Amino acid sequence: MESEPLAGAGPSSKRLGAAVLGLLHGHVELFGIELQEQKARTLSLLLFAGLALVFALLLLTALSGLVLVMLWDSYRLAGIIGLCVFYGLAAVFCGLRLKAAVFDESSPFSSTLEELAKDRERLLP
């Protein structure tokens, strides 16, 4: 004996499938847009961070030389020790800030995750 499919099940399942595919398409498109934005933002951040690092190192070198030239006759050892202590404290401070920034970063795809959560709430009873 063959069981006959329900009369209204065909179009309803097609509509449900189309709705699910539409939602999936929207989420994939949103994910792609966010991925492009994140890539451009990351590239820009890396470029400016690199340039800032180069110029900061040039400035530190010039200022260190200036301080040592000014203190060379009377306080050369104190000037060298002071610069080393300053650079050590600055390195520790920057390392702690970097650690905090790495562990505090939010999800780069928060909009996609929010949309998926909304759809899950709408589809589940």
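Residues numbered from 1 in each chain as written. Predicted model: local features only at pLDDT ≥ 70, side-chain atom pairs only at ≥ 80, totals over all residues. Heavy atoms only, no water.

1. Here we look at the overall build of the protein
Of the regular secondary structure elements, the protein holds 2 helices and 0 strands. The proportion of buried residues among the 125 residues of the protein is 7%. For the protein, the exposed area adds up to about 10,800 Å²; of that, 72% sits on carbon and sulfur atoms. (Helix = DSSP H or I, 4+ residues; strand = E, 2+ residues; numbered from the N terminus. Buried < 20%, exposed > 50% of the residue type's maximum accessible area, 1.4 Å probe, protein only. Areas by Shrake-Rupley, 256 points an atom, 1.4 Å probe, with all protein chains shown as cover.)

2. What to know about the UniProt feature "transmembrane region" (unreviewed entry) in the protein
As recorded in UniProt, the sites labelled "transmembrane region" (unreviewed entry) are residues 16-33, 45-71 and 77-96. The span residues 16-33 carries 100% helix and 0% strand; its end-to-end C-alpha distance comes to 26 Å. Across residues 45-71, helical content stands at 100% and strand content at 0%; the span's end C-alpha atoms are separated by 38 Å. (UniProt positions renumbered as here; feature names shortened; annotations may be inferred.)

3. Let's talk about the packing of aromatic side chains
What the rule picks out here adds up to 1 aromatic pair. Taking the centre distance of 5.7 Å and the plane angle of 55° together, the rings of Phe86 and Tyr87 count as tilted. On the basis of relative accessible area, Tyr87 is assigned to the partly exposed category, the value being 29%. Positioned over the ring face of Trp72 is Arg76, at 4.7 Å from the centre of the ring. (Phe/Tyr/Trp six-rings, centres within 6.5 Å; stacked < 30°, edge-to-face > 60°. Lys NZ or Arg CZ within 6 Å of the ring centre and 35° of its normal.)

4. Structural notes on the side chain of Ser64
In this structure, Ser64 sits in helix α1 (residues 9-104). Polar side-chain contacts of Ser64 include one of 2.7 Å to the backbone oxygen of Leu60. Setting aside residues no more than four positions away along its own chain, Ser64 makes contact with Leu83 and Tyr87. (Polar contact = N/O pair within 3.5 Å; in protein donor to acceptor, adjacent residues only side chain to side chain. Contact = heavy atoms within 4.5 Å.)

5. With respect to the environment of Val69
Inspection of the secondary structure puts Val69 in helix α1. Taking the C-alpha atoms as reference points, Val69 and Gly79, 10 residues apart in sequence, are found 9.5 Å from one another.

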